[in-house]
Amino acid sequence: SLASDDRIKTQFTLLIKLFGEGKASDFIRNLKGGEPLQFTGPFGKLLFKQPAAPQVILMCTGAGLSQHMSFLLSHAERFPQSQFKLLVGVWNEGEIFYQNELEALKSKVKNFSYDFVLDKPADSWKGKRGFVTDYIKELGIDKTETHFYLCGNPAMIKGAKEVLAGSNFPADRIFAESFG
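Residues numbered from 1 in each chain as written. Predicted model: local features only at pLDDT ≥ 70, side-chain atom pairs only at ≥ 80, totals over all residues. Heavy atoms only, no water.

Asker: Got a sec to walk through the state of the cysteines? Specific residues and values, please.
Answerer: For the structure on display, the rule yields zero disulfides. In this structure Cys 60 is a free cysteine whose sulfur lies 7.1 Å from that of Cys 151, the closest cysteine sulfur available. In this structure Cys 151 comes out as buried when scored by relative accessible area, which is 1%. (Disulfide = S-S within 2.5 Å. Buried < 20%, exposed > 50% of the residue type's maximum accessible area, 1.4 Å probe, protein only.)

Asker: Quick one: what's the story with the nonpolar core, residue by residue and with numbers?
Answerer: Within the largest apolar cluster, 29 residues are counted, with the highest numbers of intra-cluster contacts made by Leu 65, Phe 84, Leu 86 and Phe 112. For Leu 86, the residues in contact, after removing those within four places along its chain, are Leu 58, Cys 60, Leu 65, His 68, Leu 72, Leu 102, Phe 112, Ser 113, Tyr 114 and Asp 115. Counting 16 residues, the second largest nonpolar core, distinct from the first, contains Ile 136, Leu 139, Met 156 and Leu 164. (Core = buried A, V, L, I, M, F, W, Y, C linked by side-chain atoms within 4.5 Å. Contact = heavy atoms within 4.5 Å.)

Asker: Which residues make up unusual backbone geometry, and what are the values?
Answerer: Cis rather than trans, the peptide bond between Gln 50 and Pro 51 has omega equal to 0 degrees. Mapping Pro 51 onto the fold places it in the loop between α1 (23-29) and β1 (55-61). Even without being a glycine, Tyr 98 presents a positive backbone phi close to 65 degrees. For Tyr 98, the position within the fold is in the loop between β2 (83-90) and α3 (99-108). Look at Tyr 98 and you get buried, because its relative accessible area is 17%. (Helix = DSSP H or I, 4+ residues; strand = E, 2+ residues; numbered from the N terminus.)

Asker: Could you give me a rundown of the packing of helix α2 (residues 65-75) against α3, with the residues and numbers involved?
Answerer: Close contact between α2 and α3 brings their axes to 12 Å; oriented N to C, the two are set at 25 degrees. In terms of orientation, α2 lies roughly parallel with respect to α3. Here α2 and α3 pass one another in a crossing that is left-handed. On α3, the residues touching Leu 65, Met 69, Leu 72 and Leu 73 of α2 are Glu 101, Leu 102 and Leu 105. Residue composition of the contact of α2 with α3, grouped by class: six nonpolar, no polar and one charged. (Axes fitted to C-alpha atoms, helices over the stretch in contact; angles between N-to-C directions. Parallel < 35°, antiparallel > 145°, perpendicular 65-115°, else oblique. Left-handed = near helix turned anticlockwise from the far one by under 90°. Nonpolar A, V, L, I, M, F, W, Y, C, P; charged D, E, K, R; others polar.)

Asker: Mind laying out α2, listing which residues take part and the relevant values?
Answerer: With ten of eleven residues buried, α2 lies mostly within the body of the structure. Buried residues of α2: Leu 65, Ser 66, Gln 67, His 68, Met 69, Ser 70, Phe 71, Leu 72, Ser 74 and His 75, and no others. Check the buried side of α2 and you find it contacts β1, β2, α3, β3 (112-118), β5 (146-152) and β6 (174-178).

Asker: Any chance you could break down the sheet that holds β5 for me, citing the residues and the numbers?
Answerer: Read from one edge to the other, the open sheet built from six strands follows the order β4-β3-β2-β1-β5-β6, with strand pairing classed as parallel. Each edge of the open sheet is held by one strand with a lone partner, namely β4 (128-129) and β6. Where β1 and β5 come together, six bridges link them in parallel fashion. Looking at β5, one finds that Val 56 is bridged to His 147. The strands touched by α2 within the sheet are β1, β2, β3, β5 and β6, with β1 carrying the most contacts at an inclination of about 150 degrees. Contacts from helix α4 (residues 154-166) reach β1, β5 and β6 within the one sheet, and its direction differs from that of β5 by about 155 degrees. (Pairing = 2+ DSSP bridges.)

Written as structure tokens, this is what we have:
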């Protein structure tokens, strides 16, 4: 999935989740470097709403981070008055990825924060535990000033929408792209 700044027209970045077996995963593993590749897409329909809301909440699981990285790289610096908060759900510490890129973005964009939420962490894990949806109510959401962007596992998206609906959050301020 694309994880690029859309202002850069000469190159793009892919965020790739490799599986044990599979045509795409095997293809990527067998690349040597320097091979010409052909791409089509992107095929997603979700676009970032501009101008940015005063608070932008980005929630994802796994490779759903790709969409949010594109949004952050492309828009966060352009809207310094907006607060961007990202929650990334993964299974355990071994699945944490893109942390260097997120830290670089955090040092560049002062209005950005992120947390990994681990479903099955080791006892020594000091961060957030459970599901990203468990932390919605802690985000200090203003129903008229917040946009929610959800990307990833369909169960997470369904759960987030249910939590938000339960707090009467406006459905027209929730934007989602499901992987699966």
